[in-house]
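# Report on the structure
Here are the chains, one letter per residue:
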Amino acid sequence: MINLKSPSEIECMRASGAILRDCLLYLEEKVKPGVSTKLLDEFAYEYIVSHGAKPSFLGYGDFPGTICASVDDVVVHGFPSARKLKEGSILSLDCGLIYNGWQADAARTIAVGEISAEKRRLVETTRESFFEGVKQFKAGGHLGDISHAVQTYCETRGYGVVRSMVGHGIGRDMHEDPPVPNYGNPGHGPKLEIGMVLAIEPMVNMGTWRTVENGWKCVTADGLPSAHYENTVALTEKGAEILTL
Ligand code: MG
Ligand code: MG
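Right, let's walk through the structure included here.

Criteria and thresholds
- Residues numbered from 1 in each chain as written.
- Chains lettered and ligands numbered in written order.
- Predicted model: local features only at pLDDT ≥ 70, side-chain atom pairs only at ≥ 80, totals over all residues.
- Heavy atoms only, no water.
- Patch = residues over 30% accessible without salt bridge, like charges linked within 9 Å, V, L, I, M, F, W, Y side chains within 5 Å.
- Areas by Shrake-Rupley, 256 points an atom, 1.4 Å probe, with all protein chains shown as cover.
- Salt bridge = Lys/Arg side-chain N within 4 Å of Asp/Glu carboxyl O.
- Buried < 20%, exposed > 50% of the residue type's maximum accessible area, 1.4 Å probe, protein only.
- Donors = N, O, S within 2.8 Å, 3.2 Å for Na, K, Ca; no water.
- Helix = DSSP H or I, 4+ residues; strand = E, 2+ residues; numbered from the N terminus.

Our next topic: a nonpolar patch on the surface. A surface patch of nonpolar side chains, amounting to about 240 Å² of accessible area, comprises Tyr-45, Val-49 and Leu-58. By relative accessible area, Tyr-45 is classed as partly exposed at 35%.

Put into structure tokens, the structure is as follows:
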């Protein structure tokens, strides 16, 4: 069942989203060669707690971190670790929090020092594909319009769109209906309505769309890098509003 949010509930989610947006900006500045993702995780925890919010990933299932830190061929759900980031890597930083009972979820892929032109193009295309999806998030459309826009944008540029992980509705729970795949057909799926709040999150691979999974582990099948970009987006009377940007 899709929980539509009232304007006052969306106002609450705006507040959650703003804390997460600022937390990610704060973390992005800390990313550089030699820094461990464990340290970034500690910064994220401190930031969220000191702003009166609660990390939503920590202890979700048995997830051990405040952030997911996924380096290069790790698609999502990487555990923060003591290993130091290396120049030339890309780091997908996914974070979620709860503020006054309302969730926010967002991810950025960040360059560690100088990265190759190929990696830069992957990161930029992934980000751009999110905005292509958001353009289709409008009342009267269908969820498949969003999925199709993301998929087409990435595949026509030679990339693989991950199938095994998808976006989701979000509200009082981190994962609500509907699932939001990054692949699909226009005109299909649930009707888009005012009051929907979705975590739209393209996960895009430089090579094959196939992934290998085992528990939390999710890596590209061919070992090529993967990028992730996510925001919590509300559909209001005025159109799609990105709450975490
Ligand atoms: Mg996320
Ligand atoms: Mg998400």
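Take the coordination of the magnesium ion (ligand 2) next. Here the magnesium ion (ligand 2) is held by Asp-105 (OD), His-168 (NE2), Glu-201 (OE) and Glu-230 (OE), and the distances to it run 2.1 to 2.2 Å. Coordination of the magnesium ion (ligand 2) draws on donor residues from a single chain, spaced D-x62-H-x32-E-x28-E in sequence. A gap of 3.2 Å separates the magnesium ion (ligand 2) and the magnesium ion (ligand 1), which Asp-105 links by coordinating each metal. You can see His-168 sitting in strand E6 (residues 167-169) and its partner Glu-230 sitting in the loop between strand E12 (226-228) and strand E13 (231-236), a full 62 residues away along the chain. Like Glu-230, His-168 is buried.

Of the consecutive residues Asp-177 and Pro-178, the connecting peptide bond is found in the cis state with omega at 0°. With respect to the element layout, Pro-178 can be found in strand E7 (residues 176-180). A positive phi angle, close to 55°, is found at Asp-72, a residue other than glycine. Position of Asp-72 relative to the elements: it lies in the loop between strand E2 (67-71) and strand E3 (90-99). For Asp-72, a relative accessible area of 18% corresponds to the buried category.

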